[in-house]
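Summary of structural features
Each chain, written out:
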Amino acid sequence: MAYEIFFLSSEFDLPKQNIIGLEFNRAAMKMANIDAMFDFMFTDPKDVYGKSTVGENELLYFADVCAGPGGFSEYVLWRKKWECKGFGFTLKGQNDFKLEDFFAGPPETFEPYYGEDGDGDIYSPRNLKSFQKFVRSNTEGKGVHFMMADGGFSVEGRENEQEILSKRLYLCQFLCALLILRKGGHFVCKLFDLFTAFSVGLVYLMCMAFEKICIFKPNTSRPANSERYIICKWLKEDIKDIADYMFEVNEKLGKYSSTTSDADIVEVVPLEVLKENEEFYDYIVTSNDKLGTNQIIHLDKIRVFAQNTNLHEEKQSDIRKECLALWKVPDKARSAPPRCEPGIAYKQLMQGENLSYINNSPGPLTPNLLKKLDRIFDYHCVVCGETKIPPSLFIGLGKSNIYQYDPNSSKWLKLELVLELPANTLFYGELIQELKGENAVV
Ligand SMILES: C[S@@+](CC[C@H](N)C(=O)[O-])C[C@H]1O[C@@H](n2cnc3c(N)ncnc32)[C@H](O)[C@@H]1O
């Protein structure tokens, strides 16, 4: 078991929700901060030997849970572009994903899913099981390389009970990670206070399930609040028993919450076991002490600043610049991606290369033609499904904005297909009918 503690003094308090002058919104900046502080272990995951865990020609798979409107995913999509595929799971309703606001990265490779119940509630055992099935079936049975979870809800008026009110959310997010991560996968999850035996027991179970864990408060998290993140590295192989146990605890909590009884589960690992493991116990106590001390300092600072509105934090602008450089995030304004004409986008993508030969219809490769092929580099071979309609160029300008090149009219024609492509996708292909199912129903 290994724990590491990272703690940074948080002078860098982002002032507004949509920070002018930054590529991302506040939440996305938080994930950029966390990723960078852990040597990009999420967007560039490596195994214990330092080798990339994303195979050649493989996509980076991730999940973003309790995650609306989706800032964390926007960060990952920005950094990895189309070379990743994300699965989203969050409550439907006003805090749902807002894919139309994903300005920094391509939303086409992100797929929201709301579970068998259709409401995106992570508490539902049926939703958890169906999300697991969905993710596994879309990742060749392996699961995702990493999962992010940032669940939270309003606790207005009951701020001091936030940890207790969020206990089932902690549990279900942890459980979800165990269900959908691949072996060696990583996990990051928002937590608040870690005072109760229930929460600390859950952290203990994550210690058992992963090679390394740590509790971390990023600079981008407001310094006076209790928010912190658990970072879990390298999921172990045999964690099914832990997942089954958490699943059972969740089902019981569900039953208790639907009755009027006072029954509750207050610990998941006996307190003696937590105390017996001195290394773990000391780690949690030290982490709580450090975070608490820092909260006190910053609450005091807020009081001083509130009492004297002439005070100004002079270090903020320099720290902001240093942070952005460290996190490898450009210091530029957030804006909607420009929409451009297919012809112009094509010219920009080709950078002067001439593809006019593509306008020639391909001929079938016959033994006679093979004999004539003395200079192989003068030819391009493509696999064709249907020779009546020749293949052609397609360009994607984002979402369902897809155009096909028509060599007869030399025009790009808009395609009316139920298909989405990330902006600046160019490929040579053909439209064919795909037959599905035993009786080949389209
Ligand atoms: C702080 S927001 C997440 C912000 C997000 N990481 C981002 O970058 O935009 C918390 C999210 O947790 C979701 N949430 C709260 N309870 C949930 C539950 N039981 N099941 C699923 N999602 C939940 C909320 O609806 C909200 O979208």
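Structure: see above.
Residues numbered from 1 in each chain as written. Predicted model: local features only at pLDDT ≥ 70, side-chain atom pairs only at ≥ 80, totals over all residues. Heavy atoms only, no water.

1. Observations regarding the overall build of the protein
Using the following cut-off: Working definition: helices are DSSP H or I runs of at least four residues, strands are E runs of at least two. Numbering for both runs from the N terminus. Burial here depends on accessible area, computed with a 1.4 Å probe over protein chains only, as a share of the maximum for the residue type. Under 20% is buried, over 50% is exposed, and the range in between is partly exposed. Between two residues, a contact is recorded if the distance between any of their heavy atoms is within 4.5 Å. Surface accessibility follows the Shrake-Rupley procedure with a 1.4 Å probe radius. Residue values consider only the protein chains on display as shielding. Charge counting follows a simple rule: Lys and Arg are positive, Asp and Glu are negative, and His as well as the terminal groups are ignored. Charge coordinates come from a single atom per side chain, which is NZ of Lys, CZ of Arg, CG of Asp or CD of Glu.
The number of helices and strands found in the protein is 12 helices and 13 strands. Going through the 442 residues of the protein one by one, you find that 45% of them count as buried. Nonlocal contacts in the protein, meaning residues at least 24 apart in sequence, comprise 72% of its contacts between residues at least 6 apart. Summed over its atoms, the accessible surface of the protein is roughly 24,300 Å², and 52% of this surface lies on carbon and sulfur atoms. Charged side chains in the protein number 51 positive and 63 negative. The centres of these two groups are separated by 4 Å.

2. Points about the nonpolar core
For clarity, the threshold we go by: Throughout, nonpolar core names a set of buried Ala, Val, Leu, Ile, Met, Phe, Trp, Tyr and Cys residues whose side chains join them through atoms within 4.5 Å.
Residues Phe131 and Phe187 are the most contacted members of the largest nonpolar core, which totals 100 residues. Sorting elements by how many residues they give to this core places helix α5 (residues 167–180) first, with 11 residues.

3. Here's the deal with unusual backbone geometry
With an omega of 5°, the peptide bond running from Gly68 to Pro69 counts as cis. A positive phi angle, near 45°, is found at Gln351, a position not held by glycine. Tracing the backbone through its elements, the reader meets Gln351 in the loop between α11 (342–350) and α12 (367–372).

4. Quick look at the site of the ligand
Rule in force here: In these notes, residues near a molecule or strand are those with any non-hydrogen atom within 4 Å of it. Whenever two N or O atoms come within 3.5 Å, that pair is a polar contact, provided that in protein one can donate a hydrogen and the other can accept it, and provided that, for residues adjacent in sequence, both atoms are side-chain atoms. Under the scheme applied, nonpolar residues are Ala, Val, Leu, Ile, Met, Phe, Trp, Tyr, Cys and Pro; charged residues are Asp, Glu, Lys and Arg; polar residues are all the others, including Gly.
With respect to spatial proximity, 20 residues lie near the ligand, and among them Gly68, Gly71, Phe72, Asp121 and Asp150 are the closest. Within the contact set of the ligand, an oxygen atom lies 3.5 Å away from a backbone nitrogen or oxygen of Cys66. Pro69 places a polar main-chain atom, nitrogen or oxygen, 3.5 Å from an oxygen atom of the ligand. In isolation the ligand has 600 Å² of accessible area, and contact with the protein removes 88% of it. Looking at the shell around the ligand residue by residue, the classes come out as nine nonpolar, eight polar and three charged.

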